[in-house]
Structures are given as structure tokens and as C-alpha cells.
Amino acid sequence: MIKQHIKSFKPVQSHYSQRKAPKKVFLPETLNAARMHEMFVNENQLRVSYNTYLEVFNKFNIGFGLPKSDTCGTCDAMKANPTSSEEYYMHLSEAQMWYDFRSTIKKRSKKRRSKIQAISFDYMKNLPLPHIRTNIVYYTRQLWYYVFGIHDFTTDAGTMYCYHEGEAKKGCCDVTSMLFHYLKSFKNEKKDELYLFSDGCPGQNKNHCMIYFSYMLVHVFRLYKSITHAFPIRGHSFLDNDTDFSNISKRVRLETIQTIEEWNHVIEAARKKPSFEVVHPETSDFHDMLSALQPYFLKTAKPALKLREIKMYRIRESTADIEVKYQYDEKKWSTCTIRNRKKLPDELDLKLMYEEPISVRGSKITDLKKLLPFVKRENHPFYNDLISKYEEECRIQAEKLAAAKAAAKAAAESSETAKSPENTEAVLATNDDSESEYEMLSVEEFYSDNSSGDEM
């Protein structure tokens, strides 16, 4: 019974810790084992000691709150099993090089009449909608509100691109689209160099799409004469965005938030000088960058890019090649050819990433219905709209499924009739080879939920 109670909570996985602890999940930081025990006793009216509950709880790999940052696996291993002090020193020295490089660029960008623009960017942990105090939220899935933060080194300004999971996703095309929207606003400031700082998440930042995008900013859009993108060593990846996100998290603890507008107000007010700017991107702001960029680049670079090992890459208008460093202390850049022979366009034809609304999973819609009684009535329209859209999509899918079944049944009956002797001559006389094709897809398959928890 205790196991079932623990399993009834809705955990999430850490975006950063999946490789190190792939089976570890996290519950909200407002929970702890003692509170879970109290909830179990109150809900079941049983006398079960805390020690008994804790004994069962400890068999699960559960943490509370998400880790604020990765701990470095290399550092942890060397501290646990010290083998070579020289190796450990070299590792820490390399990590320090990243911080020194970032600090140098930040100082240069703050100089008067500087031609350098430097930014860091990252996603904050997903924010829940609604964000309420009732215990039921621990057993239900909430709608995720995404916050993509961009921090400007020159002004220390923080810009937060905010949208929910039914509007866009968190892939490489989403990241490059928001960066493009942000950087275009500076086109009149005539900066020559752009420095990008981000973690090495392969699905968002450290990938071919980001490299191609950087290349086009220099060689097609001509926003900059050079772009350098630097990645930290895993576990030593503190960014200025982390401070921004910490300010928001501190403010959130005291708030009850039921709408997007309330979230935006909390984010804007999380820092006073300067306050954060909240941008709500439109569907038209998200572009299928990868499909638009790929035709102009080789399938395999020459020599091949070792993406996972890259510490920095640089793109300059004076050369068609990309320059890379696999170690921070490398004195020379290695060159790499990534362009094919296709002529670069004067303008890129950027198609929309999302031509149709993104479906929120059926399991979340069900849970949102459970949470509605705890949401103020004036805030219901937003959630009702999501529910209505899901139900309409289900209806359309059900109609398609019914039509496909009816067509299959008619085809089967027609086939049986055609096989009868009296219809043999009629079948041979027909000359219609056309067939109707239907995609047999059930509603359950279309909205299947194959994961036990959501990723943060």
C-alpha cells in the first residue's frame, strides 16, 4: 500500500543528470518524505510509523527538487579515488580556462564603443501551470511553461522567451529561431563580433543546426563579421542565466500562479534593476531552420567534426571554412570544410516549424480537468480552450478511423462479390486500377503516453 502511494506521485527527470543517474527521478522541492508520510496517513486513516514509510521510500531512487547544476563526474571520481594529482590539476585548469575566457569577453563587451556583443542562453526548469498549493498537484501532470533565457553581457539585461508546451517545443530549431528573433533586434547597433556561451546539450545547442545557423548569420544575413561559440566542460557549466533563473525561483516559492499572464508578471518582477523582459513568441517566429539550412552544407564535414569534443568553434566572413578548438589551450584553430558547392542564397526561405497546433498529451488533459476545481473560475477559459482543442482532435481522429474501417469493410465485401462465378466476366471487364489509401491510426495510438514522467 505504501508502494502504491509513492508510485502515485508524478515525478520528473533532470534534463542534465540522465546520463549520470538515468533512473533517478525528482519530486517537487516543496515535498519531502515526512510530508508524504503525513499525506499517506491522512488519506488512508492508518497508523503507520514514519520509519516504516521511510524504509519503503528508500527503496525508490527519488530526490526532491532538481539539482541546481551538474556535479562534475571527473571531479567526483578523482575525489573518491585519488590516483593522479597532476591529472586532477589539469582538469581543473581546463575548467578555469572556460571561466577566464568568458570573463575576458565580458570585460571587452562592456568597454565603451565596443564592437563585441556577447550573450549566454539556456532553458530554465519547466514551470507548471497551474502552480497551486493543493496536494492533488503531486498526483497529476501539469502543463509545462517553457522559459528560454538570453543574458546580455554588456548590459546584464535578461530576456525571457516564454511559451507553453502546446505552442512550441525545445529542440534545435526552437532555440535558433528565438536567437534569430533576438539578434535581429540589434541589427542597427553594428557589432562586428558575436560571442555565444551555452551548455553542450546536443539536442539544443551543440549540433549541426546551430553551426549552420551561425554560419548563415555571418555569410547570408551579414549581421556579424565573426561568431564564436564556446562550450564549458560538463559539470563546470555555470552561466549568467543560472543567476537569472535563481531570482525567478526565489520569487515563485511564495506565489500561486494560474495563468500565463501571472507567470509573466512574476518573471518580470523577479529582478528590479534591470527587470527581466518577457517575450511571448508567436507561431510565426518559429522556423524549420534545419530543413532550410541543410541543402547548403556537406553531409560529412572534411575533416569530420567531432561535435561532442568541440570546446569552441568560430565562423568568420573572411573564410568559407569553420574553425574549431577541441581544447581551450590550443594556440591554433583547426579548419574544417562544411560547405558544399551550392551557391548561398541572398535570402533564406524559412518555413514555419509548426503549421498546426502542437497536441498536448491526453494524460495531461485528463489531469488538467482534475485541477480545474482548484483554479479560479475567471481563469478557466485558457484551460477549457486546451481541453476543447484536444477533444476536437480526438473527434477528427475518430472520424478518420471510422471512415477507414468502413472503407476496409466495403473493400472486403467487394472482393468477396468479385470472386463469385457470376461476376467473373464483370471483374475482367473493368479497367479501374485506382485504390483508396487510408492511414490506420487509432486515437489511442495517436495520443499514446509512453513515459512515466516528464522531462524538465
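Throughout what follows, the structure given in this document is the object of discussion. Given the structure is predicted, the values throughout are model-derived calculations rather than measurements. (Residues numbered from 1 in each chain as written. Predicted model: local features only at pLDDT ≥ 70, side-chain atom pairs only at ≥ 80, totals over all residues. Heavy atoms only, no water.)

### Re the overall build of the chain
For step 1, the next point in the chain: Broken down by element type, the chain carries 14 helices and 15 strands.
For step 2, the next point in the chain: For the chain, the proportion of its 456 residues judged to be buried stands at 45%. (Helix = DSSP H or I, 4+ residues; strand = E, 2+ residues; numbered from the N terminus. Buried < 20%, exposed > 50% of the residue type's maximum accessible area, 1.4 Å probe, protein only.)

### Side note on the pairing of strand β14 (residues 334-339)
For step 1, the next point in the chain: Pairing between strand β11 (residues 297-302) and β14: 2 bridges, direction antiparallel. Note on β14: the bridge partner recorded for F297 is R339.
For step 2, the next point in the chain: Note that strand β13 (residues 322-325) and β14 share 3 bridges and pair antiparallel. Bridge pairing in β14 places E323 opposite T335. (Pairing = 2+ DSSP bridges.)

### What about the nonpolar core?
For step 1, the next point in the chain: By size, the foremost hydrophobic cluster in this structure holds 56 residues, and its most contacted members are F148, L179, L305 and I338.
For step 2, the next point in the chain: At 9 residues, helix α7 (residues 208-219) tops the list of elements feeding residues into this core.
For step 3, the next point in the chain: Contacts of F148, omitting those with residues within four sequence positions, involve F121, D122, Y123, T159, M160, Y161, V175, M178 and L179.
For step 4, the next point in the chain: Ranked by size, the runner-up nonpolar core spans 29 residues in total, among them M160, I248, A270 and Y383. (Core = buried A, V, L, I, M, F, W, Y, C linked by side-chain atoms within 4.5 Å. Contact = heavy atoms within 4.5 Å.)

### Let's talk about the side chain of N126
For step 1, the next point in the chain: Following the sequence through the fold, N126 ends up in the loop between β4 (116-123) and β5 (127-129).
For step 2, the next point in the chain: Within the structure, N126 has its side chain in polar contact with the side chain of K170 (distance 2.9 Å). (Polar contact = N/O pair within 3.5 Å; in protein donor to acceptor, adjacent residues only side chain to side chain.)

### Some details on helix α3 (residues 50-57)
For step 1, the next point in the chain: By the burial criterion, the buried members of α3 are Y53, V56 and F57. The buried side chains of α3 occupy one side of the element, clustering within an arc of 105 degrees when seen end-on. Exposed side chains of α3 directed beyond 90 degrees from the buried face belong to N51 and E55.
For step 2, the next point in the chain: On the buried face of α3, the contacting elements are α1 (2-7), α2 (33-44) and β3 (62-64). (Arc of directions from axis to C-beta.)

### Here's the deal with the packing of aromatic side chains
Aromatic ring pairs are described here by two measures, namely the spacing of the ring centres and the angle between the planes.
For step 1, the next point in the chain: Here the structure, examined in full by the defined rule, presents 18 aromatic pairs.
For step 2, the next point in the chain: The interplanar angle of 20 degrees and the centroid separation of 5.3 Å between the aromatic rings of F153 and F197 together place this pair among those described as stacked. Taken together, the residues F153 in the loop between β6 (143-152) and β7 (158-164) and F197 in strand β8 (residues 193-197) connect sequence positions 44 residues apart. The exposure classification of F153 matches that of F197, with both residues buried.
For step 3, the next point in the chain: Joined through ring pairs, the aromatic side chains of W98, Y99, F101, F153, Y195 and F197 make up one cluster.
For step 4, the next point in the chain: Residue placement shows K206 over the ring face of F231; its charged tip is 5.0 Å from the ring centre.
For step 5, the next point in the chain: The ring of Y296 carries K342 above its face, with NZ or CZ at 4.9 Å from the centroid. (Phe/Tyr/Trp six-rings, centres within 6.5 Å; stacked < 30°, edge-to-face > 60°. Lys NZ or Arg CZ within 6 Å of the ring centre and 35° of its normal.)

### Some words on the pattern of salt bridges
For step 1, the next point in the chain: Counted according to the given criterion, the structure contains 15 salt bridges.
For step 2, the next point in the chain: K364 is paired through a salt bridge with E165; the nearest N and O atoms lie 2.6 Å apart. Of this pair, K364 sits in helix α11 (residues 362-371) while E165 sits in the loop between β7 and α6 (172-184); the two residues are 199 residues apart in sequence, bridging distant segments of the chain.
For step 3, the next point in the chain: The class for E165 is buried, based on a relative accessible area of 12%.
For step 4, the next point in the chain: A salt bridge links D367 to K370; its shortest N-O distance comes to 3.7 Å. Of this pair, D367 and K370 are both found in helix α11, 3 residues apart, which corresponds to roughly one turn of the helix.
For step 5, the next point in the chain: Because the salt bridges share partners, they merge into one network encompassing R102, K106 and D240. (Salt bridge = Lys/Arg side-chain N within 4 Å of Asp/Glu carboxyl O.)

### Topic: unusual backbone geometry
For step 1, the next point in the chain: Residue L129 is joined to P130 through a cis peptide bond whose omega torsion reads -5 degrees.
For step 2, the next point in the chain: Residue P303 is bonded to the preceding K302 through a cis peptide linkage, with omega at -10 degrees.
For step 3, the next point in the chain: Along the chain, the position of P303 falls in the loop between β11 and β12 (312-316).
For step 4, the next point in the chain: Unlike most non-glycine residues, Q45 shows phi in positive territory, near 50 degrees.

### Description of the state of the cysteines
For step 1, the next point in the chain: Scanning the model with the defined rule gives 0 disulfides in all.
For step 2, the next point in the chain: Just so you know, C172 is unpaired, no disulfide at all, and the nearest cysteine sulfur is the one on C209, 3.9 Å from it. (Disulfide = S-S within 2.5 Å.)

### Overview of the packing of helix α8 (residues 240-252) against helix α9 (residues 260-269)
For step 1, the next point in the chain: Interaxial distance between α8 and α9 falls to 8 Å at its minimum, and their mutual angle equals 120 degrees. Classified by the angle between their axes, α8 and α9 sit oblique to one another. Once α8 is placed against α9, the crossing between them reads as right-handed. Each of I248, R251 and V252 in α8 lies in contact with α9, whose residues at this interface are W263, V266, I267 and A269.
For step 2, the next point in the chain: Each residue belonging to the contact of α8 with α9 can be placed in one class, and the counts come to 6 nonpolar, no polar and 1 charged. (Axes fitted to C-alpha atoms, helices over the stretch in contact; angles between N-to-C directions. Parallel < 35°, antiparallel > 145°, perpendicular 65-115°, else oblique. Left-handed = near helix turned anticlockwise from the far one by under 90°. Nonpolar A, V, L, I, M, F, W, Y, C, P; charged D, E, K, R; others polar.)

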